[in-house]
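Descriptive structure summary
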Amino acid sequence: MKGNARVFKLAVCFVSFSLLLSLSFTLSAHGAEKKYLRVGMNADSPPYGFSKGGELVGLEIDLYTEAAKRMGRELVITNLPWAGVFPGLQAGKWDACGNAWVNKERLEMMDFADPWMRATLGFATRQDSKINSLADLKNKIIGAQAGSADQRWLEDHLVQYGPYEIKTYDRVVDQVMDLQHGRIHAFVRDKTRLLYQV
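We now turn to the structure provided with this report. No experiment lies behind these values; they were computed from the predicted model shown.

1. Observations concerning the nonpolar core
When a protein is soluble and globular, its nonpolar side chains tend to lie buried together. One finds Phe123, Leu137, Ile142, Trp153, Leu154 and Tyr164 to be the most contacted residues of the largest nonpolar core, which totals 16 residues. At the level of secondary structure, the elements contributing two or more residues to this core comprise β9 (121-125), β10 (141-145), α5 (149-156) and β12 (186-190). Broken down by element, this core gets its largest block of residues, three residues, from α5. Beyond its immediate chain neighbours, meaning those up to four positions away, isoleucine 142 contacts Phe123, Leu137, Leu154, Tyr164, Glu165, Ile166, Lys167, Ala186, Phe187 and Val188. In terms of nonpolar packing, the next biggest core, distinct from the first, is built from 11 residues, Trp82, Phe86, Leu89 and Val102 among them.

Following this line, the structure appears as structure tokens:
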């Protein structure tokens, strides 16, 4: 996506509505006596986790690798669309997942380690976009990762800043392509990922 930086240069419209939710590493009790640390994640999230040269790399991969090493376990990562990460954790398919925004509903379903990062959401737009503020989202088509805090934010603020249509994606590259081709007007993501991708 960095090859398309000219298309997006200065087109990231960061609207700092400062969500004070945190990204965290989540560990379930299911893996306590096992020799593996099984992790479910969406490795479509540079710089946290992504494929480079056929290998999973990134900040989150480094975190899991170090955790497994300290636990004396072998790391096994399952890469899947984000919408399947929490259901798999709850079903015991893996021991941990990460890069999750902490919220009240999730705290009721699972345990979280101490947050290791704070995040703020922002919007990616085309260079020729007229979206300059949250008020400009009205009557637009906005992309978000399916099952994410990004999608949740759009749903929670539909009355305040809408109406707008929410289009969900399993893969970030599909959001970027739809934005480039004018099929959506913007997409929402945490600011760190947006800065990395454009």
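2. What to know about the side chain of glutamine 145
Along the polypeptide, glutamine 145 turns up in strand β10. Not counting residues within four places of it along the chain, the set of residues in contact with glutamine 145 comprises Asn42, Trp82, Gln151, Tyr169, Asp170, Gln175, Arg189 and Arg193.

3. A short note on the packing of aromatic side chains
We describe a pair of aromatic rings using the distance from one ring centre to the other and the angle between the two ring planes. One pass over the structure, following the stated rule, counts four aromatic pairs. When the centroid spacing of 5.3 Å and the interplanar angle of 70° are considered together, the rings of tryptophan 82 and phenylalanine 86 count as edge-to-face. In terms of burial, tryptophan 82 and phenylalanine 86 fall into one category: buried. Each ring, one from tryptophan 153 and one from tyrosine 161, has its centre 5.9 Å from the other, and the planes form 20°; the classification is stacked. Residues tryptophan 153 and tyrosine 161 agree in their burial class; the two are buried.

Rules and cut-offs
- Residues numbered from 1 in each chain as written.
- Predicted model: local features only at pLDDT ≥ 70, side-chain atom pairs only at ≥ 80, totals over all residues.
- Heavy atoms only, no water.
- Core = buried A, V, L, I, M, F, W, Y, C linked by side-chain atoms within 4.5 Å.
- Buried < 20%, exposed > 50% of the residue type's maximum accessible area, 1.4 Å probe, protein only.
- Helix = DSSP H or I, 4+ residues; strand = E, 2+ residues; numbered from the N terminus.
- Contact = heavy atoms within 4.5 Å.
- Phe/Tyr/Trp six-rings, centres within 6.5 Å; stacked < 30°, edge-to-face > 60°.

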